[in-house]
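# Structural overview
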Amino acid sequence: MRILLVNPPVPQINSIRDHHKAENEMELNKREELGPPLALNDIAGALRSEDVRIVDQKFENDEDPNYDLEQSIYKEVRSFEPDIVGTTCLTAAVNSAKKIFKVVKDYNPKILTVAGGIHTSLNPHDFCMPDVDLVVVGLGKRTMREIVDEVKSNPSDPDFSKIPGLAMRVNDTLKFTRPLTELSRKELRDEHYFYYDRKGYFPDRELTDRYNYIIESKNLRVHYMNTSLGCTDKCSFCGLWIFACGYYITREIPTLLEDIATMDKYPVIRLVDSHTFGDVNHSRKFFETLIEKNIRHNYIVDVRTDTVAR
(Lines give C-alpha, C1' and ligand atoms only; values in the text may rest on other atoms or scores of the structure.)
Protein backbone atom coordinates (compact mmCIF):
# COMPACT_ATOMS: atom_id res chain seq x y z
CA MET A 1 0.00 0.00 0.00
CA ARG A 2 1.30 3.46 -0.92
CA ILE A 3 1.12 6.06 1.84
CA LEU A 4 2.13 9.69 1.44
CA LEU A 5 2.89 11.58 4.65
CA VAL A 6 3.11 15.35 4.40
CA ASN A 7 4.49 18.00 6.74
CA PRO A 8 2.52 21.14 5.74
CA PRO A 9 4.33 24.45 5.29
CA VAL A 10 4.13 27.31 7.75
CA PRO A 11 3.52 30.62 5.93
CA GLN A 12 6.59 32.82 5.58
CA ILE A 13 4.93 35.59 7.56
CA ASN A 14 5.85 36.52 11.12
CA SER A 15 4.49 39.57 12.92
CA ILE A 16 7.51 39.61 15.24
CA ARG A 17 9.20 41.60 12.48
CA ASP A 18 6.75 44.43 13.13
CA HIS A 19 8.18 44.83 16.62
CA HIS A 20 11.89 44.63 15.78
CA LYS A 21 14.15 47.43 14.76
CA ALA A 22 15.79 46.89 11.39
CA GLU A 23 19.28 46.59 12.86
CA ASN A 24 18.11 43.87 15.26
CA GLU A 25 15.84 41.94 12.90
CA MET A 26 16.17 38.21 13.35
CA GLU A 27 16.26 35.72 10.53
CA LEU A 28 12.84 34.19 11.09
CA ASN A 29 12.21 32.03 8.05
CA LYS A 30 15.17 29.76 8.69
CA ARG A 31 14.35 29.17 12.32
CA GLU A 32 16.71 27.35 14.64
CA GLU A 33 13.93 24.80 15.03
CA LEU A 34 14.27 23.90 11.35
CA GLY A 35 14.42 20.15 11.47
CA PRO A 36 12.72 16.93 10.46
CA PRO A 37 9.04 16.10 11.03
CA LEU A 38 9.75 13.43 13.64
CA ALA A 39 6.05 12.63 13.99
CA LEU A 40 6.00 11.46 10.37
CA ASN A 41 9.30 9.58 10.74
CA ASP A 42 7.73 7.89 13.76
CA ILE A 43 4.58 6.88 11.90
CA ALA A 44 6.65 5.66 8.95
CA GLY A 45 8.56 3.47 11.40
CA ALA A 46 5.30 1.75 12.31
CA LEU A 47 4.50 1.31 8.60
CA ARG A 48 7.78 -0.17 7.38
CA SER A 49 5.94 -2.99 5.61
CA GLU A 50 4.25 -0.43 3.34
CA ASP A 51 5.49 1.84 0.56
CA VAL A 52 5.79 5.12 2.46
CA ARG A 53 6.98 8.51 1.23
CA ILE A 54 7.47 11.64 3.35
CA VAL A 55 7.29 15.13 1.86
CA ASP A 56 8.48 17.96 4.09
CA GLN A 57 6.75 20.95 2.56
CA LYS A 58 7.72 23.09 5.53
CA PHE A 59 11.39 22.62 4.69
CA GLU A 60 10.78 23.19 0.99
CA ASN A 61 8.77 26.33 1.69
CA ASP A 62 11.38 27.74 4.06
CA GLU A 63 14.03 27.26 1.38
CA ASP A 64 12.06 28.78 -1.51
CA PRO A 65 10.22 32.12 -1.14
CA ASN A 66 8.27 31.32 -4.34
CA TYR A 67 7.16 27.88 -3.22
CA ASP A 68 3.75 26.75 -4.46
CA LEU A 69 2.41 24.17 -2.02
CA GLU A 70 -0.60 23.24 -4.14
CA GLN A 71 1.40 22.66 -7.31
CA SER A 72 4.00 20.73 -5.33
CA ILE A 73 1.50 18.37 -3.68
CA TYR A 74 -0.33 17.85 -6.97
CA LYS A 75 2.89 16.72 -8.64
CA GLU A 76 3.69 14.47 -5.70
CA VAL A 77 0.28 12.80 -5.67
CA ARG A 78 0.26 12.39 -9.43
CA SER A 79 3.69 10.74 -9.47
CA PHE A 80 3.23 8.53 -6.39
CA GLU A 81 -0.49 7.68 -6.73
CA PRO A 82 -0.95 7.05 -3.00
CA ASP A 83 -3.79 5.09 -1.44
CA ILE A 84 -3.61 7.21 1.72
CA VAL A 85 -2.42 10.77 2.33
CA GLY A 86 -1.80 11.88 5.89
CA THR A 87 -0.50 15.07 7.45
CA THR A 88 0.80 16.16 10.80
CA CYS A 89 -0.28 19.64 11.76
CA LEU A 90 0.79 22.50 13.98
CA THR A 91 -1.66 25.35 14.48
CA ALA A 92 0.38 27.60 12.19
CA ALA A 93 -0.01 25.06 9.37
CA VAL A 94 -3.77 24.41 9.57
CA ASN A 95 -4.67 26.38 6.45
CA SER A 96 -1.81 24.77 4.53
CA ALA A 97 -3.02 21.31 5.53
CA LYS A 98 -6.54 22.12 4.35
CA LYS A 99 -5.17 23.19 0.97
CA ILE A 100 -3.25 19.92 0.71
CA PHE A 101 -6.35 17.83 1.36
CA LYS A 102 -8.37 19.78 -1.21
CA VAL A 103 -5.73 19.19 -3.89
CA VAL A 104 -5.66 15.48 -3.02
CA LYS A 105 -9.43 15.04 -3.15
CA ASP A 106 -9.75 17.10 -6.34
CA TYR A 107 -7.20 14.81 -7.95
CA ASN A 108 -8.75 11.57 -6.72
CA PRO A 109 -11.70 11.47 -4.28
CA LYS A 110 -10.95 7.80 -3.55
CA ILE A 111 -7.69 8.60 -1.77
CA LEU A 112 -8.17 8.22 1.98
CA THR A 113 -7.16 11.45 3.74
CA VAL A 114 -6.04 11.51 7.38
CA ALA A 115 -5.31 14.62 9.45
CA GLY A 116 -3.19 14.26 12.57
CA GLY A 117 -0.82 16.12 14.85
CA ILE A 118 -0.96 18.34 17.90
CA HIS A 119 -3.56 20.71 16.43
CA THR A 120 -6.02 18.00 15.41
CA SER A 121 -5.69 16.51 18.89
CA LEU A 122 -6.59 19.81 20.53
CA ASN A 123 -9.07 21.12 17.93
CA PRO A 124 -10.32 18.20 15.81
CA HIS A 125 -13.38 20.12 14.63
CA ASP A 126 -11.15 22.39 12.56
CA PHE A 127 -10.88 19.45 10.14
CA CYS A 128 -14.57 18.61 9.97
CA MET A 129 -14.65 19.12 6.20
CA PRO A 130 -15.45 17.06 3.08
CA ASP A 131 -11.79 16.79 2.07
CA VAL A 132 -10.78 15.01 5.29
CA ASP A 133 -11.91 11.43 5.90
CA LEU A 134 -10.34 10.75 9.28
CA VAL A 135 -8.99 12.93 12.10
CA VAL A 136 -6.47 11.43 14.52
CA VAL A 137 -6.92 12.62 18.09
CA GLY A 138 -3.82 11.87 20.18
CA LEU A 139 -0.85 9.62 19.50
CA GLY A 140 -0.95 8.41 15.92
CA LYS A 141 1.43 5.46 15.51
CA ARG A 142 -0.86 2.60 16.45
CA THR A 143 -3.89 4.47 15.12
CA MET A 144 -2.31 4.88 11.68
CA ARG A 145 -1.12 1.27 11.69
CA GLU A 146 -4.67 0.11 12.38
CA ILE A 147 -6.11 2.42 9.72
CA VAL A 148 -3.80 0.89 7.12
CA ASP A 149 -4.54 -2.66 8.27
CA GLU A 150 -8.28 -2.02 8.09
CA VAL A 151 -8.05 -0.63 4.55
CA LYS A 152 -5.98 -3.62 3.47
CA SER A 153 -8.45 -6.06 5.03
CA ASN A 154 -11.59 -4.37 3.74
CA PRO A 155 -10.60 -2.12 0.82
CA SER A 156 -14.15 -1.61 -0.46
CA ASP A 157 -15.81 -0.91 2.88
CA PRO A 158 -13.35 -0.28 5.74
CA ASP A 159 -14.80 0.08 9.24
CA PHE A 160 -12.79 2.51 11.36
CA SER A 161 -15.27 2.67 14.24
CA LYS A 162 -13.35 0.22 16.42
CA ILE A 163 -10.02 2.07 16.15
CA PRO A 164 -9.43 4.24 19.25
CA GLY A 165 -8.37 7.86 18.89
CA LEU A 166 -10.27 8.73 15.71
CA ALA A 167 -12.91 11.20 14.59
CA MET A 168 -14.97 10.69 11.42
CA ARG A 169 -17.20 13.17 9.63
CA VAL A 170 -20.85 12.08 9.67
CA ASN A 171 -23.61 14.47 8.52
CA ASP A 172 -21.34 17.51 8.81
CA THR A 173 -20.27 16.70 12.35
CA LEU A 174 -17.57 14.56 13.90
CA LYS A 175 -18.25 11.13 15.35
CA PHE A 176 -15.56 10.01 17.79
CA THR A 177 -14.31 6.51 18.51
CA ARG A 178 -13.03 5.54 21.95
CA PRO A 179 -10.78 8.43 23.11
CA LEU A 180 -7.22 7.66 24.16
CA THR A 181 -7.88 9.66 27.34
CA GLU A 182 -9.83 6.63 28.60
CA LEU A 183 -6.71 4.49 28.47
CA SER A 184 -4.61 3.79 31.53
CA ARG A 185 -1.04 5.00 31.67
CA LYS A 186 0.15 1.43 31.05
CA GLU A 187 -2.15 0.98 28.05
CA LEU A 188 -0.98 4.23 26.50
CA ARG A 189 2.67 3.36 27.13
CA ASP A 190 2.57 -0.24 25.94
CA GLU A 191 0.05 -0.09 23.10
CA HIS A 192 0.40 3.42 21.66
CA TYR A 193 3.82 4.82 22.57
CA PHE A 194 5.32 1.78 20.80
CA TYR A 195 8.78 1.74 22.39
CA TYR A 196 8.27 -1.20 24.73
CA ASP A 197 9.17 -4.69 23.49
CA ARG A 198 8.66 -3.57 19.87
CA LYS A 199 11.97 -3.69 18.04
CA GLY A 200 11.80 -2.23 14.58
CA TYR A 201 9.32 0.48 15.51
CA PHE A 202 11.91 3.25 15.73
CA PRO A 203 11.42 6.26 13.44
CA ASP A 204 12.28 5.71 9.78
CA ARG A 205 14.64 8.66 9.43
CA GLU A 206 15.97 7.63 6.03
CA LEU A 207 12.74 8.86 4.42
CA THR A 208 13.74 12.46 5.14
CA ASP A 209 17.48 12.18 4.54
CA ARG A 210 17.14 14.01 1.22
CA TYR A 211 16.44 17.19 3.20
CA ASN A 212 19.47 19.01 4.53
CA TYR A 213 18.53 19.59 8.15
CA ILE A 214 21.43 21.40 9.76
CA ILE A 215 22.24 23.58 12.74
CA GLU A 216 23.38 26.56 10.71
CA SER A 217 25.56 28.13 13.41
CA LYS A 218 27.66 24.95 13.46
CA ASN A 219 26.92 23.59 9.97
CA LEU A 220 26.15 20.20 11.51
CA ARG A 221 23.46 17.78 10.45
CA VAL A 222 20.66 17.28 12.97
CA HIS A 223 17.86 14.84 13.61
CA TYR A 224 15.32 14.45 16.37
CA MET A 225 14.35 11.79 18.88
CA ASN A 226 12.31 11.67 22.06
CA THR A 227 13.14 10.20 25.42
CA SER A 228 9.73 10.80 26.95
CA LEU A 229 6.08 11.46 26.26
CA GLY A 230 4.08 14.23 27.87
CA CYS A 231 5.11 16.54 30.69
CA THR A 232 5.28 16.64 34.46
CA ASP A 233 3.13 19.79 34.54
CA LYS A 234 -0.14 21.03 33.07
CA CYS A 235 0.54 24.62 32.06
CA SER A 236 -2.47 26.57 30.79
CA PHE A 237 -0.54 27.90 27.78
CA CYS A 238 0.58 24.48 26.54
CA GLY A 239 -1.31 21.55 25.00
CA LEU A 240 1.39 18.88 25.00
CA TRP A 241 0.25 17.42 28.30
CA ILE A 242 -3.25 17.04 26.84
CA PHE A 243 -1.77 15.29 23.81
CA ALA A 244 -0.25 12.75 26.22
CA CYS A 245 -3.48 12.39 28.22
CA GLY A 246 -1.88 14.13 31.20
CA TYR A 247 0.78 11.44 31.67
CA TYR A 248 4.56 11.72 31.75
CA ILE A 249 6.14 8.54 30.40
CA THR A 250 9.88 7.96 29.99
CA ARG A 251 11.32 5.47 27.53
CA GLU A 252 13.39 2.58 28.79
CA ILE A 253 17.08 3.38 28.39
CA PRO A 254 17.89 0.28 26.25
CA THR A 255 15.39 1.50 23.62
CA LEU A 256 17.07 4.91 23.66
CA LEU A 257 20.48 3.36 23.07
CA GLU A 258 19.13 1.17 20.25
CA ASP A 259 17.54 4.22 18.66
CA ILE A 260 20.70 6.34 18.89
CA ALA A 261 22.69 3.46 17.41
CA THR A 262 20.80 4.09 14.15
CA MET A 263 21.76 7.80 14.16
CA ASP A 264 25.50 7.80 13.50
CA LYS A 265 25.09 10.06 10.46
CA TYR A 266 23.62 12.88 12.58
CA PRO A 267 26.25 14.77 14.65
CA VAL A 268 23.51 16.68 16.47
CA ILE A 269 20.59 14.97 18.18
CA ARG A 270 17.81 17.17 19.47
CA LEU A 271 15.69 15.57 22.16
CA VAL A 272 12.24 16.94 21.41
CA ASP A 273 10.68 16.14 24.77
CA SER A 274 8.39 18.55 26.54
CA HIS A 275 10.79 18.24 29.48
CA THR A 276 13.87 16.05 29.01
CA PHE A 277 14.74 16.26 32.72
CA GLY A 278 11.22 15.56 33.93
CA ASP A 279 12.63 12.51 35.71
CA VAL A 280 16.09 13.68 36.74
CA ASN A 281 17.25 10.23 37.87
CA HIS A 282 16.21 8.71 34.54
CA SER A 283 17.98 11.45 32.58
CA ARG A 284 21.11 11.20 34.71
CA LYS A 285 21.29 7.45 34.13
CA PHE A 286 20.71 7.94 30.40
CA PHE A 287 23.51 10.48 29.95
CA GLU A 288 25.86 8.56 32.24
CA THR A 289 25.29 5.50 30.03
CA LEU A 290 26.09 7.55 26.91
CA ILE A 291 29.38 8.60 28.54
CA GLU A 292 30.21 5.05 29.63
CA LYS A 293 29.59 3.71 26.13
CA ASN A 294 31.34 6.68 24.46
CA ILE A 295 28.29 7.48 22.32
CA ARG A 296 29.29 10.92 21.15
CA HIS A 297 26.90 13.46 19.63
CA ASN A 298 26.00 17.05 20.30
CA TYR A 299 22.74 16.98 22.26
CA ILE A 300 20.09 19.71 22.46
CA VAL A 301 17.42 19.42 25.13
CA ASP A 302 14.39 21.34 26.39
CA VAL A 303 14.11 21.67 30.13
CA ARG A 304 12.09 23.65 32.69
CA THR A 305 13.98 26.49 34.35
CA ASP A 306 12.82 25.48 37.83
CA THR A 307 14.41 22.08 37.30
CA VAL A 308 17.68 23.73 36.31
CA ALA A 309 17.49 25.97 39.39
CA ARG A 310 16.99 22.99 41.69
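Residues numbered from 1 in each chain as written. Predicted model: local features only at pLDDT ≥ 70, side-chain atom pairs only at ≥ 80, totals over all residues. Heavy atoms only, no water.

### A closer look at the sheet that holds strand S13 (residues 298-301)
One open sheet holds the four strands; their spatial order is S8-S9-S12-S13, and the pairing between them is mixed. Each edge of the sheet is formed by a strand with only one pairing partner; in this case those strands are strand S8 (214-215) and S13. Bridge count for S8 against strand S9 (residues 220-225) is two bridges, and the pairing is antiparallel. Of the residues in S9, the one forming a bridge with Ile 214 is Arg 221. (Pairing = 2+ DSSP bridges. Helix = DSSP H or I, 4+ residues; strand = E, 2+ residues; numbered from the N terminus.)

### Description of the sheet that holds strand S6 (residues 166-170)
In space, the seven strands of this open sheet follow the order S2-S1-S3-S4-S5-S6-S7, with mixed pairing throughout. For this open sheet the edge positions go to strand S2 (51-56) and strand S7 (173-176), each flanked by a neighbour on one side alone. For this sheet, the mean inter-axis angle between neighbouring strands, taken without regard to orientation, is 25 degrees. Bridge analysis of strand S5 (residues 134-136) against S6 gives three bridges, and the strand direction is antiparallel. Bridge pairing links Val 135 to Ala 167 in S6. This element, helix H3 (residues 69-80), spans strand S1 (2-7) and S2 of the sheet and lies at about 165 degrees to S1. (Axes fitted to C-alpha atoms, helices over the stretch in contact; angles between N-to-C directions. Contact = heavy atoms within 4.5 Å.)

### Some thoughts on helix H7 (residues 185-193)
The set of residues buried in H7 consists of Leu 188, Asp 190, His 192 and Tyr 193. Here the buried face of H7 lies against helix H6 (141-153), strand S10 (228-230) and strand S11 (248-250). (Buried < 20%, exposed > 50% of the residue type's maximum accessible area, 1.4 Å probe, protein only.)

### Topic: the packing of H3 against helix H4 (residues 94-107)
Following both chains from N to C, one finds H3 and H4 inclined at 40 degrees, their axes separated by 9 Å at the closest point. Taken together, the axis directions place H3 and H4 in an arrangement best described as oblique. Read as a crossing pair, H3 and H4 show a hand that is right-handed. Residues Leu 69, Glu 70, Ile 73, Tyr 74, Val 77 and Arg 78 of H3 form the contact with H4, whose participating residues are Ser 96, Lys 99, Ile 100, Val 103, Val 104 and Tyr 107. Grouping the amino acids of the contact of H3 with H4 by side-chain chemistry returns eight nonpolar, one polar and three charged. (Parallel < 35°, antiparallel > 145°, perpendicular 65-115°, else oblique. Left-handed = near helix turned anticlockwise from the far one by under 90°. Nonpolar A, V, L, I, M, F, W, Y, C, P; charged D, E, K, R; others polar.)

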